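# An overview of the molecular structure
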Amino acid sequence: MSLGSRPNGPPRSIPPAWTSTADLGPNMQEALDALETYKKKDPAKVVVRFKAVGNAPIMKQNLYKITASNRFQTVIQFLRKELGWKAGDPLFTYINLAFAPAPDDIVSNLYKSFATEGHLIVNYSTTAAWG
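Residues numbered from 1 in each chain as written. Predicted model: local features only at pLDDT ≥ 70, side-chain atom pairs only at ≥ 80, totals over all residues. Heavy atoms only, no water.

### What to know about the overall build of the protein chain
In terms of helices and strands, the protein chain carries four helices and four strands. Secondary structure elements of the protein chain occur, N-terminal to C-terminal, as α-α-β-β-α-β-α-β. Within the span of the protein chain, comprising 131 residues, buried residues form 25% of the whole. Excluding contacts between residues fewer than 6 apart, the proportion of contacts in the protein chain whose partners are at least 24 apart in sequence is 60%. For the protein chain, the accessible area works out to roughly 9,300 Å², and carbon and sulfur atoms hold 56% of it. (Helix = DSSP H or I, 4+ residues; strand = E, 2+ residues; numbered from the N terminus. Buried < 20%, exposed > 50% of the residue type's maximum accessible area, 1.4 Å probe, protein only. Contact = heavy atoms within 4.5 Å. Areas by Shrake-Rupley, 256 points an atom, 1.4 Å probe, with all protein chains shown as cover.)

Structure follows, in structure tokens:
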């Protein structure tokens, strides 16, 4: 049986309201415009300062500019690459020595909420330092 066909009748068709964008109301068009705006990447950059905690190696350069629309997971991957660590090596990250952000947090949101002197301070450690 094919998609959209019924055993005892002609095949069904998708209602025109689902396929046509010509008759979208102002609310639906506004929602589609908002969705398109949301999908665009923000080209802005955020200054991230990395600080070692405990026995973690200190980086020679600790200030980097990172695209604000990236997820924090990108920052973690970047830090691993800079330190030369493999994916299985333990790495714990914290914002302002206070909390461990989720990998899916957006860098710009963290920056807006927790920036210190124009930098997002990311502390890193090889062992769990807090919480």
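### Quick word on the nonpolar core
Here is a general trend for soluble globular proteins: nonpolar side chains tend to be buried in one another's company. Among the nonpolar cores identified, the biggest contains 21 residues, and Phe 50, Leu 120 and Tyr 124 are the most heavily contacted of them. Listed by contribution, the elements that provide at least two residues to this core are β1 (45-52), β2 (63-67), α3 (72-83), α4 (107-114) and β4 (120-125). Of all the elements, α3 adds the most residues to this core, at five residues. Excluding residues that lie within four positions of it along the chain, Phe 50 makes contacts with Met 59, Asn 62, Tyr 64, Val 75, Phe 78, Leu 79, Val 122 and Tyr 124. (Core = buried A, V, L, I, M, F, W, Y, C linked by side-chain atoms within 4.5 Å.)

### Considerations on the packing of aromatic side chains
In the structure shown here, the tally under the stated rule is four aromatic pairs. Ring centres 4.8 Å apart and planes at 75° place the aromatic pair Tyr 64 and Phe 78 in the edge-to-face group. Of this pair, Tyr 64 sits in strand β2 while Phe 78 sits in helix α3; the two residues are 14 residues apart in sequence, bridging distant segments of the chain. (Phe/Tyr/Trp six-rings, centres within 6.5 Å; stacked < 30°, edge-to-face > 60°.)

### Some points on the confidence of the model for the protein chain
Counting all residues, the mean pLDDT for the protein chain is 82, and 76% of those residues have values of 70 or more. At the level of individual helices and strands, the protein chain shows its lowest average pLDDT in helix α1 (residues 16-19), which scores 56, and its highest in β4, which scores 95. (pLDDT = per-residue confidence, 0-100.)

### Brief notes about unusual backbone geometry
Negative phi values dominate among residues other than glycine, just as trans dominates among peptide bonds. One non-glycine residue, Leu 97, adopts positive backbone phi at about 55°. In this structure, Leu 97 sits in the loop between β3 (92-95) and α4. Of note in the backbone geometry, Glu 117 takes a positive phi value of approximately 50° without being a glycine. Relative to the elements of secondary structure, Glu 117 occurs in the loop between α4 and β4. Glu 117 gets classed as exposed once you look at its relative accessible area, which sits at 76%.

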